[in-house]
Amino acid sequence: MATAVMTTLDPKSGAASRGMSDIAIRNLFIIPTILFLIVFNIFPLIYSLGYSFTDFRASSPAAANFVGLQNYRELLNDPFIWSNFAITAKYVIVSVVGQVVVGFGVALLLNRTIPFKGLITTLLLLPMMLSMAVVGLFWKLLYDPSFGIINHVLGLGTFEWLSNPDMALYAVAITDIWMWSPFVMLLSLAGLSAVPKHLYEAAAIDRAGTLYTFFRITLPLVAPILMIAIIFRTMEAFKTFDLAYILTSQPTTEVISIRLYKMAFQEWQTGRSCALAYIVLIMILAITNIYVKYLNKVKER
Amino acid sequence: MAHIQLKNVTKKFGNHTALRHLDLDIADGEFFVLLGETGAGKTTTLRIIAGLEKPTEGQVLIDGVDVADWGAAERDVALVLQQYSLYPRYTVRQNLEFPLKSKLRRVPDAEIAERVARVAKTLRIEHLLERKTDKLSGGEMQRVSIGRAIVRKPRVFLMDEPLSALDAKLREALRTELKNIQMNLGQTFLFVTHDQIEAMSMGDKIGVLNHGHLVQTGTPNEIYNNPKNTFVARAVGSPPMNLIDGKLVSGRAVMAPLNFELPYEGAANGNVEGRALTFGIRPEDLVVESGAPVEAKVHDVENHGVEKILTLRVGDAMLRATVPAQTHLAIEDAVRFSWNPEKVVLFDQKSGNSLKHAG
């Protein structure tokens, strides 16, 4: 298959005159990438799978002992870990729902002829292009109880966004929504502009109301691409580390990645943290799979 | 059912004027065909009546009521577009139900089922009802979109070249079907097409549109036999009317650049002697027989089964004539022809207007 799609090398080219075959050139391009993947992705993946069955600590010179499934057993029975998962789930739901509502809403507003549409779209995309760490740092300033602009504008006095344990997670989610709604908006906009205009005209002729048209025509046609946006955002939100870590250090915002980081690099429980990483990986795979199944169903309809 | 009037409608898109001072009157229950080339403003007219487009100037009246402020939904029209516009991901049944399920005018479920069944039967799409629309052929899709139009009882049916994307066989079949549906429903139809055969075979009345001007309206017969000007003469009829420049000199038509003469004693009104004219003659009114006054060479023969269409070469001009299918003629044969003087239409050479219409 791979050779079938390849074009043959121009016999007069420099590469050919140096005696290189098509296959040699293909390898020249592909092998470095594969090597990179093996060294930095696949090898650590497999290596950490091995560690997850041991009591290895990277901080001590002691040799690793094989402990079987003990790490997994203890982790899955640890109520603290489950509370981390619960926090993560809450965070994922709030932030993904927020992003879809805001992103899709803005896309609906932009999906018409308005002046400076291109400029507005580009400006709206800016948050997405910033670094997570930068966003975290300046939202920390925005949230500041005494001089933060958010309290000033909303007239909330010295409301504690980040040090209030009940509010902190939502504050992180709001920042995430601000940053990633443009991503959902961009994909939704692509989906919306692909809906043929004559369908809306046909619906208007068929005397369908605005809501009816939205739920019967717009939404079903945009659903597949919206699903893709949701898959991406769910995966990302599940893995959130930097935003939450920079913004606040409340126990109520300790999402699973932060727990994992602490376990691995503060408590140096290397073996156990490898096991936790695998549990997270399996969960993300499972959730994504459910989405993909659903996406295929939506597409078929 | 509705009586539709357009009064002095002008539509501009930026600098481009699509319609100029259009007046149109479509009687209740009439099958009106708007005929014109691409870009003549047919679709714009339709969209203005449907309420998808607002006229720059002028009024649209449905049953005598000015509908300027009404949206498409309130005008209660049905529109069949060239590109089908079926709702994707829905079955044929769901597509047919769509206009009935709108919150605006909710129809009881039992009646929906009954109406869908009736429409499916009329259009012979009963076996397709549970199928997804993207698995249909072009002809089936167009039937469904016509079905979606007739399933409600709109006041007017608007059709924008619904048959032009179909193959010839199917087009013919649907042509008859549509005409039957219109007769059974007794509804007002406005049908837009660039195909003069569709216009001739379906219309109670035809309106010929040229660059946003309505050139002539009339029954197919009037349009065919008595075109208002040379544009209509060329636009309607296949092959089109032969147009020959010449003069009338003492009861004979003397063709000026072509240099032949034919007898003409028609009761042309006014003083037309010596005036520069264009003689229009339909191909079937050119008579090919031995002993006729003018000689020509056969340039081309098209066999259409029921008849043959000859292209005759006189000098360097081409004339079309139809002859019975059993006539045996070969290319470059010399033939003689004359015309049926009663069927000749006279046009002023300069303006192109018919002398009969000029009155």
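Residues numbered from 1 in each chain as written. Chains lettered and ligands numbered in written order. Predicted model: local features only at pLDDT ≥ 70, side-chain atom pairs only at ≥ 80, totals over all residues. Heavy atoms only, no water.

Participant: Hey, could you go over unusual backbone geometry for me, with residue numbers and the actual values?
Facilitator: Residue and element names in this part refer to chain B. With an omega of -5 degrees, the peptide bond running from S238 to P239 counts as cis. Note on placement: P239 falls in the loop between helix 9 (230-235) and strand 11 (242-249). In this structure, H21 is a non-glycine residue whose phi angle is positive, near 45 degrees. Tracing the chain through its elements places H21 in strand 2 (residues 16-26). The backbone of E161 shows a phi angle near 40 degrees, a positive value even though the residue is not glycine. When you line up the elements, E161 lands in the loop between strand 7 (156-160) and helix 6 (168-185). (Helix = DSSP H or I, 4+ residues; strand = E, 2+ residues; numbered from the N terminus.)

Participant: If you had to explain the interface of chain B and chain A to someone new, which residues and values would you point to?
Facilitator: Taken residue by residue, the interface counts 26 residues in chain B and 21 residues in chain A. With both sides pooled, the region where chain B packs onto chain A buries about 2,200 Å², and carbon together with sulfur makes up 56% of that total. Applying the counting rule to chain B against chain A returns 4 salt bridges. Here D206 of chain A and R148 of chain B are joined by a salt bridge, their closest N and O atoms 3.3 Å apart. On inspection of chain B and its partner chain A, the count reaches 9 residue pairs in polar contact (both at pLDDT 80 or more). Every element with two or more residues in the side of chain B that touches chain A is listed here: helix 1 (42-50), helix 2 (72-75) and strand 6 (77-80) of chain B. Grouping the constituent residues of the side of chain B that touches chain A by class yields 15 nonpolar, 3 polar and 8 charged. (Contact = heavy atoms within 4.5 Å. Buried area = accessible area lost by both parts, 1.4 Å probe. Salt bridge = Lys/Arg side-chain N within 4 Å of Asp/Glu carboxyl O. Polar contact = N/O pair within 3.5 Å; in protein donor to acceptor, adjacent residues only side chain to side chain. Nonpolar A, V, L, I, M, F, W, Y, C, P; charged D, E, K, R; others polar.)

Participant: Break down the sheet that holds strand 11 of chain B for me, citing the residues and quoting the values.
Facilitator: All names here are of chain B. Ordered by their spatial adjacency, 5 strands build an open sheet running 13-12-11-14-20, and the pairing between neighbours is antiparallel. Taken across any chain shown, the strands that pair with only one partner, and hence form the sheet edges, are strand 13 (261-263) and strand 20 (345-348). Each adjacent strand pair in this sheet contributes to an overall mean axis angle of 40 degrees, direction not counted. Here 3 bridges tie strand 12 (residues 252-255) to strand 13, and the two strands are oriented antiparallel to one another. Note on strand 13: the bridge partner recorded for V254 is E261. (Pairing = 2+ DSSP bridges. Axes fitted to C-alpha atoms, helices over the stretch in contact; angles between N-to-C directions.)

Participant: Outline the pairing of strand 8 (residues 188-193) of chain B, listing residues and values.
Facilitator: All names here are of chain B. Taking burial as the measure, the 6 residues of strand 8 include 6 buried ones, the bulk of the element. Burial of the side chains of strand 8 extends over both faces: T188, L190 and V192 are buried on one face and F189, F191 and T193 on the other. Strand direction decides the pairing type here: strand 3 (residues 31-36) and strand 8, joined by 5 bridges, are parallel. Across the sheet, residue V33 finds its bridge partner in strand 8, namely F191. Pairing geometry for strand 7 and strand 8, over 5 bridges, is parallel. Looking at strand 8, one finds that L158 is bridged to L190. Handedness of the crossover joining strand 7 and strand 8 through helix 6 is recorded here as right-handed. (Buried < 20%, exposed > 50% of the residue type's maximum accessible area, 1.4 Å probe, protein only. Right-handed = clockwise from strand over helix to strand, strands pointing away.)

Participant: Could you give an account of the packing of aromatic side chains, with specific residues and numbers?
Facilitator: The tally for this structure, following the rule as stated, stands at 29 aromatic pairs over all chains. On the basis of an interplanar angle of 35 degrees and a centroid distance of 5.2 Å, the ring pair of Y143 of chain A and W161 of chain A is categorised as tilted. Of this pair, Y143 of chain A sits in the loop between helix 6 (132-142) and helix 7 (149-154) while W161 of chain A sits in the loop between helix 7 and helix 8 (165-193), and the two are 18 residues apart along the sequence. Seen in terms of ring centroids, F241 of chain A and Y245 of chain A are 4.9 Å apart; in terms of plane orientation they differ by 20 degrees. Their pairing is stacked. Exposure remark for Y245 of chain A: the relative accessible area of 34% places this residue in the partly exposed category. Among the aromatic residues, ring-to-ring pairing joins F138, W139, Y143, F159, W161 and W178 of chain A into one connected group. Stacked on the ring of Y87 of chain B, the Lys or Arg R148 of chain B has its end atom at 4.4 Å from the ring centre. Over the ring of Y224 of chain B we find R282 of chain B; its NZ or CZ atom is 3.9 Å from the centre of that ring. (Phe/Tyr/Trp six-rings, centres within 6.5 Å; stacked < 30°, edge-to-face > 60°. Lys NZ or Arg CZ within 6 Å of the ring centre and 35° of its normal.)

Participant: With reference to specific residues and values, describe the nonpolar core.
Facilitator: Counting residues in each nonpolar core, the largest one holds 61 residues, and the members touching the most others are F85, Y91, Y143 and I217 of chain A together with Y87 of chain B. Element by element, the count of residues in this core is highest for helix 8 of chain A, at 11 residues. Leave out the neighbours within four places in its chain, and F85 of chain A touches F238, I256, L276, I279, V280 and M283 of chain A. Residues I125, L129, I146 and I181 of chain B belong to the second largest nonpolar core, which totals 45 residues. (Core = buried A, V, L, I, M, F, W, Y, C linked by side-chain atoms within 4.5 Å.)

Participant: Go over the pairing of strand 10 (residues 213-218) of chain B, please, and point to the residues and values.
Facilitator: Where strand 9 (residues 205-210) of chain B lies against strand 10 of chain B, 5 bridges are found, and the strand directions are antiparallel. What sits directly across from G207 of chain B, in strand 10 of chain B, is T217 of chain B.

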